[in-house]
Amino acid sequence: MSDFTKRELLRVMALAMGALALTPPAWSEDQPIKIGTSMALSGSLAAGGRQSQLALQMWVEDVNSRGGLLGRKVELVTYDDQGSPAQSPGIFSKLIDLDKADLLIAPYGTVPAAAVMPLVKERGRLLIGQIGYQINSKVHHDMWFNNSPWSDAESWVGGFFKLGETVGVKKVAFLAADQEFSQNILAGAEALAGKAGFETVYEQTYPPTTVDFSAMIRAIRAATPDMVFVASYPADSTAIIRAVNEIGVGSSVKLFGGGMVGLQYASVMQALGTQLNGVVNYHTYVPEKTMAFPGVKEFLDRFAEKAKAAKVETLGYYVAPFSYASGQILEQAVKATGSLDNAELAKYLRSNEVQTIVGPIRWGTDGEWSQPRVVMVQFRDVKDGDAEQFRQEGKQVIVYPDKYKTGDLVSPLTEAQGR
C-alpha cells in the first residue's frame, strides 16, 4: 500500500471515529434497565400520583436521549396502587420477582409507601422515596433515601409555630383527620405548641369521610384561639376552608392553616379562589424568586405542555419536580458508581450530595434530608376561577424561613383575608 493510500485511510478512519464520538451510542444488546414503581393513578391520591408518573416518564425520556444508563435504555414499569396500602406491597413483590426491576422508586404518598418498607428491607433493595413522611421511622432501612424536603414534624410545620411566636400567639386550636399521616403531623404539632408554651383551647379529630365542618368551626370560634392548626387531606381541606369563609373563626385568630394537603393543587386552589386569601400553609415549591433552582423553571414549562396533553394538572409544583429529581438521584448514583448494585448505590448516596432541579440534596438519619427545605406560604391577592394566576410571584408569598422569605406575614387572619 502506498504512503498516500495509508495516509488517506488513516484520515478516513479518524473522521469516522470523530463522527462516532458525536453520535449517541446505540443501545446495548442487554435488556433495558427497569425502574419499578407504583402510583396512585386512580383513587383519592390520583392528582398527585398522575403528576408523579408523568414527571418520571419525562426523566426517562431525557436520560434515554443522553444514551441511557451504562449504555442501556431505561424503562419505567408502573402499576396503579390506587393510593392503597393494601395494593402496594403485592405490586412491589411483582416488580422484584416477576418484572426483575433493577431499581425501585417508592409510591407517591406516605401510606402506600410505608406499606412496602418491610418488603424492600427484607429483600435488601434500594428505595428512593417521594413526598412521604417518616416512612422509615419504624423500619430503619439503611437503603431508603427520601426525596421530600422534610424530616420530622418540626421540619415540616415548625415554621408555622415560629410564625405564631412572632405575632404573639398564646392559645392554639387543633383540627386533624383521623388518618395516620395527619395524626403523625398532629402529634408533632402538639409537641411544638407545648415547646412554645401555647395553651391548647380546642382539639378535634374527625373521620376522613367528614364533609360538614360547620359545627367544628363554630366550636373553634367559641374557643377564641390565637392560632388554628389544621392537618387535613384534599377533600376535607377544601370543605374546611369553605366553612371558615362561611362562618368565620373570629377576630382573635392571627394564623390559620399549617398542615393542609390539597392547597398545593391547582384544581383545589382554582376552586377556592379568594377564600384562600390569608391562609398560611406548608409547600414544597412555589414560583418565587428565592426558589429558582437551576433547571426547575425549564422543567415546569415542559411539564405544563405535556400535562395538558395528558389531561394532568398543569402546575405540578407540589409533586412533579420531586418526582423528576428522584430519577436524577438514581442517574447520578449509577453514573458515579458504574453499577446497578443496590448496596453500592446506597453507599454512594449515604456519602455524597446530589444536584437536582429541587436543589442540592444530602441525606442524614434514616435517609431523610439532612437540611430540610419546607416553606410556609401565605395566599395573597388570589382571584376567583383562575388557576394560571398561581404561576405568578406574589400569590403564594413565602413568609418562612428567612432564607427563602419573599414577604412578611400579614396578621390577623381577618386583615390578611382582604389581601
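Residues numbered from 1 in each chain as written. Predicted model: local features only at pLDDT ≥ 70, side-chain atom pairs only at ≥ 80, totals over all residues. Heavy atoms only, no water.

J.: Teacher, can you tell me more about the pairing of strand β7 (residues 199–206) here?
T.: In summary, the side chains of a regular strand alternate between the two faces of the sheet. Judged from the 7 bridges that link them, strand β6 (residues 171–177) and β7 form a sheet pairing that is parallel. By the bridge assignment, A176 is partnered in β7 with T205. (Pairing = 2+ DSSP bridges. Helix = DSSP H or I, 4+ residues; strand = E, 2+ residues; numbered from the N terminus.)

J.: Explain unusual backbone geometry here, please?
T.: With an omega of 0°, the peptide bond running from Y400 to P401 counts as cis. Along the chain, P401 falls in the loop between β14 (396–400) and α14 (413–416). Residue P412 is bonded to the preceding S411 through a cis peptide linkage, with omega at 5°. With respect to the helices, strands and loops of the structure, P412 is situated in the loop between β14 and α14.

J.: Would you take a moment to explain the packing of aromatic side chains for this structure?
T.: Any aromatic ring pair is given by two values, namely how distant the centres are and how the planes are angled relative to each other. On inspection of all chains with the given rule, the structure shows 21 aromatic pairs. Taking the centre distance of 6.4 Å and the plane angle of 25° together, the rings of F161 and F198 count as stacked. In this pair, F161 sits in helix α6 (residues 153–166) while F198 sits in the loop between α7 (180–196) and β7, placing the two residues 37 residues apart along the sequence. Among the aromatic residues, ring-to-ring pairing joins Y133, W150, W156, F181, Y233, Y265, Y282 and Y318 into one connected group. (Phe/Tyr/Trp six-rings, centres within 6.5 Å; stacked < 30°, edge-to-face > 60°.)

J.: What is the right way to look at the nonpolar core in this model?
T.: F161, I240, F256 and L349 are the most contacted members of the largest nonpolar core, which totals 127 residues. With 8 residues, helix α12 (residues 320–337) is the largest single contributor of residues to this core. Counting residues domain by domain, this core receives three or more from each of domain 1 (33–149 + 294–361) and domain 2 (153–283 + 380–418). For F256, the contacting residues outside a window of four places in its chain are F160, V228, V230, I240, I241, V244, V249, V279, V280 and L413. Within the second largest apolar cluster, 17 residues are counted, among which are I96, L104, A113 and W144. (Core = buried A, V, L, I, M, F, W, Y, C linked by side-chain atoms within 4.5 Å. Buried < 20%, exposed > 50% of the residue type's maximum accessible area, 1.4 Å probe, protein only. Domains from an automatic or database assignment. Contact = heavy atoms within 4.5 Å.)

J.: Looking at this model, I keep getting lost on α12. Mind explaining?
T.: The α-helix advances 3.6 residues per turn, and as a result positions three or four apart in sequence lie on the same side. For α12, with 18 residues, the first-to-last C-alpha span of 26 Å sits near the 26 Å given by 1.5 Å per residue. Buried residues dominate α12, accounting for 14 of its 18 residues. G338 occupies a position one or two residues after α12 and carries a positive phi of about 65°. (Expected span 1.5 Å × (residues − 1).)

J.: Mind showing me how you'd approach the sheet that holds strand β2 (residues 74–80) here?
T.: Across a sheet, strands are paired by hydrogen bonds formed along the backbone, either parallel or antiparallel in direction. Overall, parallel pairing links the 3 strands, which are arranged β2-β1-β3 in an open sheet. The open sheet has two free edges, formed respectively by β2 and β3 (103–104), since each of these has just one partner strand. Pairing between strand β1 (residues 33–39) and β2: 7 bridges, direction parallel. Of the residues in β2, the one forming a bridge with M39 is D80. Across the sheet, helix α3 (residues 88–97) is in contact with β1, β2 and β3; its angle to β1 comes to roughly 170°. (Axes fitted to C-alpha atoms, helices over the stretch in contact; angles between N-to-C directions.)

J.: Can you walk me through the pattern of salt bridges in this structure?
T.: Opposite charge on two side chains makes pairing possible when the charged atoms of those side chains draw close. In the structure shown here, the tally under the stated rule is 12 salt bridges. Here R123 ties to D97 by a salt bridge, and the two come within 2.8 Å at their closest N and O atoms. Here R123 is found in helix α5 (residues 117–123), whereas its partner D97 is found in helix α3, with 26 residues between them in sequence. Residue classification places D97 among the partly exposed residues on the basis of a relative accessible area of 32%. Of the charged contacts in the structure, one is a salt bridge between D381 and K395, with a shortest N-O distance of 3.4 Å. Pair noted here: D381 is in the loop between β13 (375–379) and β14 and K395 is in the loop between β13 and β14, with a separation of 14 residues, a long-range link. Residue class for K395 comes out buried when judged on its relative accessible area of 6%. (Salt bridge = Lys/Arg side-chain N within 4 Å of Asp/Glu carboxyl O.)

J.: Help me understand the domain arrangement of the chain, please; the structure alone is not making it clear to me.
T.: A common measure of how large an interface is: the accessible area buried when the components associate. According to the domain assignment, the chain contains domain 1 (33–149 + 294–361) and domain 2 (153–283 + 380–418). Centre-to-centre separation of domain 1 and domain 2, based on C-alpha positions: 29 Å. Listed per partner, the contact involves 13 residues of domain 1 and 18 residues of domain 2. Where domain 1 abuts domain 2, roughly 1500 Å² becomes buried across the two surfaces, and 59% of that area is made up of carbon and sulfur atoms. The largest per-residue losses of area from domain 1 upon contact with domain 2 belong to Y133, L315 and Y318, which jointly make up 46% of the total buried on that side. Joining domain 1 to domain 2, the criterion identifies 6 residue pairs in polar contact (both at pLDDT 80 or more). At the level of elements, α2 (46–65) and α4 (110–114) are the ones that each hand at least two residues to the side of domain 1 that touches domain 2. The class makeup of the residues in the side of domain 1 that touches domain 2 is 9 nonpolar, 3 polar and 1 charged. (Buried area = accessible area lost by both parts, 1.4 Å probe. Polar contact = N/O pair within 3.5 Å; in protein donor to acceptor, adjacent residues only side chain to side chain. Nonpolar A, V, L, I, M, F, W, Y, C, P; charged D, E, K, R; others polar.)

J.: Help me understand the sheet that holds β14, please; the structure alone is not making it clear to me.
T.: Pairing is mixed in the open sheet, where 7 strands are placed in the order β7-β6-β8-β9-β10-β13-β14. The open sheet has two edge strands with one neighbour each: β7 and β14. If you compare each strand with its neighbour and ignore which way they point, the axes differ by 25° on average. Bridge analysis of β13 against β14 gives 4 bridges, and the strand direction is antiparallel. Bridging across to β14, M376 finds its partner in Y400. The sheet strands contacting helix α8 (residues 214–223) are β6, β7 and β8 (227–232), and the helix crosses β7 at an angle near 175°.

J.: Where do I start with empty space enclosed by the protein in this structure?
T.: Take a probe with the size of a water molecule and roll it over the atoms, and the empty space left behind shows itself. This model, assessed by the stated rule, comprises 3 cavities of 30 Å³ or more. Reported here for the largest cavity is a volume of approximately 110 Å³. Taken together, 14 residues make up the lining of the largest cavity; nearest its centre are G109, T110, I131, Y233 and Y318. For the lining of the largest cavity, the per-class residue count stands at 11 nonpolar, 3 polar and no charged. Each of domain 1 (33–149 + 294–361) and domain 2 (153–283 + 380–418) contributes no fewer than three residues to the lining of the largest cavity. (1 Å grid on protein atoms, 1.4 Å probe; cavity = no way out; pocket = protein on both sides within 12 Å on 5 of 7 lines; lining within 4 Å. Points joined across faces, edges and corners; volume = space filled by probe spheres on them.)

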